[in-house]
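Residue strings, one per chain:
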Amino acid sequence: MDECAHGASGVDLRLDRAHSARIYDYFLGGRTNFAADREAAAKVLGVFPAAQLAARVNREFMHRATRALARAGTRQWLDIGTGIPTSPNLHEVAQEVAPEARVVYTDNDPIVLAHAAALLRSHPEGRTAYVQADVTDPAAVLSAPELLGTLDLSRPVVLSLNALLHFVDDERGGGAHAVVEHFKRALPPGSVLAVTHATADFAPEALAEVTAIYRAAGTPVRLRDRAEFARFFDGWELLEPGITLSHRWRPDDPRDVAAVSAAEASCYAAVARKP
Ligand SMILES: C[S@@+](CC[C@H](N)C(=O)[O-])C[C@H]1O[C@@H](n2cnc3c(N)ncnc32)[C@H](O)[C@@H]1O
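Conventions we followed
Residues numbered from 1 in each chain as written. Predicted model: local features only at pLDDT ≥ 70, side-chain atom pairs only at ≥ 80, totals over all residues. Heavy atoms only, no water. Helix = DSSP H or I, 4+ residues; strand = E, 2+ residues; numbered from the N terminus. Buried < 20%, exposed > 50% of the residue type's maximum accessible area, 1.4 Å probe, protein only. Arc of directions from axis to C-beta. Contact = heavy atoms within 4.5 Å. Near = heavy atom within 4 Å. Polar contact = N/O pair within 3.5 Å; in protein donor to acceptor, adjacent residues only side chain to side chain. Areas by Shrake-Rupley, 256 points an atom, 1.4 Å probe, with all protein chains shown as cover.

- The name that an unreviewed UniProt entry assigns to the protein is SAM-dependent methyltransferase, with the source organism given as Streptomyces silvisoli.

1. With respect to unusual backbone geometry
Working step 1: Along the chain, serine 87 connects to proline 88 via a cis peptide bond; the corresponding omega equals -5°.
Working step 2: Along the chain, glutamate 240 connects to proline 241 via a cis peptide bond; the corresponding omega equals 5°.
Working step 3: Here proline 241 lies in the loop between strand S6 (237-238) and strand S7 (244-245).
Working step 4: Positive phi is not limited to glycine here, since alanine 163 has a value of about 55°.
Working step 5: Structurally, alanine 163 is set in the loop between strand S4 (158-162) and helix H8 (176-186).
Working step 6: Notably, arginine 250 is not glycine yet its phi reads approximately 40°, a positive angle.
Working step 7: Its location among the elements puts arginine 250 in the loop between S7 and helix H11 (254-259).

2. Overview of H8
Working step 1: All of the buried residues along H8 are Ala176, His177, Val179, Val180, Phe183 and Lys184. The arc that holds every buried residue of H8, seen down its axis, measures 160°, which confines them to one face.
Working step 2: Buried positions along H8 lie against strand S1 (76-80), helix H6 (138-142), S4, strand S5 (192-198) and helix H10 (226-231).

3. Comments concerning the site of the ligand
Working step 1: Surrounding the ligand, one finds 19 residues, the nearest of these being Tyr24, Arg59, Gly81, Asp107 and Asn162.
Working step 2: At 3.0 Å, a side-chain N or O of asparagine 58 approaches an oxygen atom of the ligand.
Working step 3: Arginine 59 has a polar side-chain atom sitting 2.9 Å from an oxygen atom of the ligand.
Working step 4: Considered on its own, the ligand offers 600 Å² of accessible surface; in the complex 96% of this is hidden by protein.
Working step 5: When residues of the shell around the ligand are traced back to their parent elements, those giving at least two are helix H1 (20-27) and helix H3 (51-71).

Following this line, the structure appears as structure tokens:
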């Protein structure tokens, strides 16, 4: 395998295997994907032709939510399941509103780490950091020196879990809900939880096939229905418009809502504040 297949950290990036972060990068029109990823992506598109659209509207939710929260005064973000950098990244959106914004990115994948340099180009007034960790180990994330050197955990933080939790099953770390509860308990009042999550509620057969393709590629997927998604926000106050689909959360243009069906998006989104 060549040098680039091992990344800067020397970890084998397994370019011969399809990988969820690189499949998603392909759907977003990125260049950090390889033949095996494109092959899996083609299979997904064969059963769910809206996959690229769904990826785009998921990403755009992150842009709108980040902008709205920055405008409302939030200055700190913890983004877990960051993915391969895709411009604009979260800190670029936040720092456009508030240059002093601080963002900690976390992913468990060496592929993302290999590309993390783009996430660390902060505005000089703000700061960004990268933590290589698994969301199912919240204590490790919250005690990472890079995080503690960047965020003030006595002040409100936005916990951004965008298109991440459907990769967390109900066993690891006590299950996805227990993992999220751990973070919610650790963050101070005024903190915000912003989540998107794939669902089979609107296109069950297609999403079952998508799940099978990811599983065959070595990535288990656990889709959740509306009630299971809603439980992530228990005890926190949902911000307007409450639980909705990714493209319907405060759209910039109402025409964006009509242009995408629920089945095409197949992804819930919501933002809530800790009382
Ligand atoms: C579909 S991408 C989402 C990227 C970005 N958040 C977005 O919405 O545009 C999901 C990311 O979650 C990461 N991921 C999956 N399971 C994880 C885990 N247990 N801990 C941390 N990151 C994880 C993957 O490596 C991938 O980069």
